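This is what each chain is made of:
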Amino acid sequence: MRFLHTSDWHLGRRFHGEDLIPAQGAFLDHMVATARTETVDAILVAGDIYDRAIPSLDAVRLFNRALHQLADLGVPIIMISGNHDSAHRLGVGSGLFARAGIHLRTDPDTCDVPVLLNDADGPIAVYGIPYLEPSMVRTQLEAEAASHRAVLTAALHKIHANLTNHQPAGTRSVVLAHAFVTPGTGQSEEPRVEESASERDISVGGVAHVGADVFDGIDYVALGHLHGPQKITDRAHYSGSPLPYSFSETGHTKSFTLVDLTPGTAPAVTRLPCPTPHRLERIQGPLEDLLNHPDHETLKNAWLEVTLTDPALPFEAMARLRRRFPHTLSLKHQRAFIPAQATDTPTYTERLQGRTELDIACDFITDLRGSAPTPDEHALLQQAIDAARVNELQKETV
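Residues numbered from 1 in each chain as written. Predicted model: local features only at pLDDT ≥ 70, side-chain atom pairs only at ≥ 80, totals over all residues. Heavy atoms only, no water.

Trainee: Looking at this model, I keep getting lost on helix α6 (residues 148-166). Mind explaining?
Mentor: Structural remark: α-helix, 3.6 residues per turn; residues separated by three or four positions point the same way. Compared with the 27 Å implied by 1.5 Å per residue over 19 residues, the 27 Å span of α6 between its first and last C-alpha is a close match. Within the sequence span of α6, burial applies to H148, A150, V151, L152, A154, A155, L156, I159, N162 and L163. (Helix = DSSP H or I, 4+ residues; strand = E, 2+ residues; numbered from the N terminus. Expected span 1.5 Å × (residues − 1). Buried < 20%, exposed > 50% of the residue type's maximum accessible area, 1.4 Å probe, protein only.)

Trainee: Where do I start with unusual backbone geometry in this structure?
Mentor: Where the residue is not glycine, phi is negative for most of them; where a peptide bond is considered, it is trans in most cases. Of note in the backbone geometry, H225 takes a positive phi value of approximately 125° without being a glycine. Mapped onto the elements, H225 comes out in the loop between β12 (220-224) and β13 (230-233). Its identity as a non-glycine residue notwithstanding, E316 has a phi of 50°, on the positive side.

Trainee: I would appreciate a short explanation of the nonpolar core in the present structure.
Mentor: Nonpolar side chains in soluble globular proteins tend to end up buried together. Core analysis: the biggest nonpolar cluster contains 36 residues, and I129, V181, F215 and L223 have the highest contact counts within it. Residue assignment for this core shows that the elements contributing at least two residues are β8 (122-129), α5 (134-141), α6, β9 (172-178), β10 (180-182), β12 and β14 (236-238). With eight residues, α6 is the largest single contributor of residues to this core. Among all residues touching V181, those that are not within four sequence positions of it are V193, V210, G211, A212, F215, L223, I232 and Y238. (Core = buried A, V, L, I, M, F, W, Y, C linked by side-chain atoms within 4.5 Å. Contact = heavy atoms within 4.5 Å.)

Trainee: Please clarify how the pattern of salt bridges should be interpreted in this entry.
Mentor: A side chain of one charge can pair with a side chain of the opposite charge if their charged atoms are brought near each other. Applying the stated rule across the entire model yields 16 salt bridges. Ionic pairing is found between R61 and D58, a salt bridge with its closest N-O pair at 3.6 Å. Here R61 and its partner D58 are both found in helix α2 (residues 57-73), three residues apart, which amounts to about one turn of the helix. Take D58: its relative accessible area is 39%, and that puts it in the partly exposed class. The partner of R235 in a salt bridge is D219, with the nearest N and O atoms 3.8 Å apart. Separated by 16 residues along the polypeptide, R235 in the loop between β13 and β14 and D219 in the loop between β11 (209-211) and β12 bring together distant segments of the chain. Here R235 falls in the partly exposed class, since its relative accessible area comes to 26%. Several salt bridges converge on common partners, so that one network encompasses R2, E38 and D260. (Salt bridge = Lys/Arg side-chain N within 4 Å of Asp/Glu carboxyl O.)

Trainee: Help me out: how do you make sense of α2 in this one?
Mentor: The end-to-end C-alpha separation of α2 is 25 Å, in line with the 24 Å expected for 17 residues at 1.5 Å each. Packed against the buried residues of α2 are α1 (21-37), β4 (42-46), β5 (77-80), α3 (87-90), α4 (94-99) and β6 (102-105). Where α2 terminates, the next one or two residues include G74, which has phi positive at roughly 75°.

Trainee: How should the sheet that holds β5 be read in this particular structure?
Mentor: To summarise the sheet geometry, strands pair through backbone hydrogen bonds and adopt either a parallel or an antiparallel arrangement. One open sheet holds the six strands; their spatial order is β6-β5-β4-β1-β15-β16, and the pairing between them is mixed. Only two strands of the sheet have a single neighbouring strand rather than two, namely β6 and β16 (268-273). Within this sheet the neighbouring strands show an average axis-to-axis angle of 20°, counted without direction. Of the strand pairs in this sheet, β5 and β6 are connected by four bridges, and their pairing is parallel. Residue pairing in the sheet places I80 in a bridge with R105 of β6. (Pairing = 2+ DSSP bridges. Axes fitted to C-alpha atoms, helices over the stretch in contact; angles between N-to-C directions.)

In structure tokens, the structure reads:
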């Protein structure tokens, strides 16, 4: 059986002020055309359909158009909600959509309700696990703790029970999930995956990731959340986002993931490039060099992040850059190192670079009273940060 795996559409998102609705419409048209050309048997959409819980009218119109295009394909579509989506809003009408072959999984209670497919090799059960915010679904899933690993483990227990007790022997399994998944167990190792600045933090207690071992026994895991296409294990892959959403994604090849699922072997995975309106590039140097050097002529049609290294920020720098590079979207200023002006005092931006909210809070306590937070105070600060993030999520999505 052949699947087209995609995720992280983020319909309605803007890129440094640039309206992406036309590019997202072109991507969806290309996805439908690819599904026809590649004769796929089903499409898997692993969350973050929208960029915001309350999407713009343009984004809703685009999704409505996509639903009609997908229904016209005549193949099953399985979608889950991501951490940017409002599960309740996205799930409205899911019963009616299912009649048209579009299966929306936005409620944790339905994660063990499969979409059943068949091919020449037998049955396949496709399960959708929507994004699980641990503190909001722990009781519902009867998880052991309010952690990403605990709630995903509880969801997989339900899925395995359905496979064992309600599906024929030999049924192959596919799971969609929206989570930060790393190779191995995820218990102690640092993440060995490629992150992007455009991904919203989902950490709980300072831990955002879970190990791929949670999905042991599943034939293919279609992942969403990370924006770079990448392999986690032979059977678990991120499709990545179809468009770039931050300059940290410079160098990504945006793609769909084509998955051929055959019994008794790891899925065959092929990346199919997605159309992007402009390539991403980062350049730096003094303004006059950037404006006049002939080597930069090839960047006229690129989306650009420009870092100027002049001693002082030049007058009307952005306007002058856009006269040569119309798609300059981001401008930074980082003075070139001059020994005579060298100082050991870092700037505010430099001090914050790479620091988490917890790091900053601990620094504040240390600076205020002259001693670092105690272990108990450290834990309280972490709880406060987690509570603030969940509170913001509840305001957006509930």
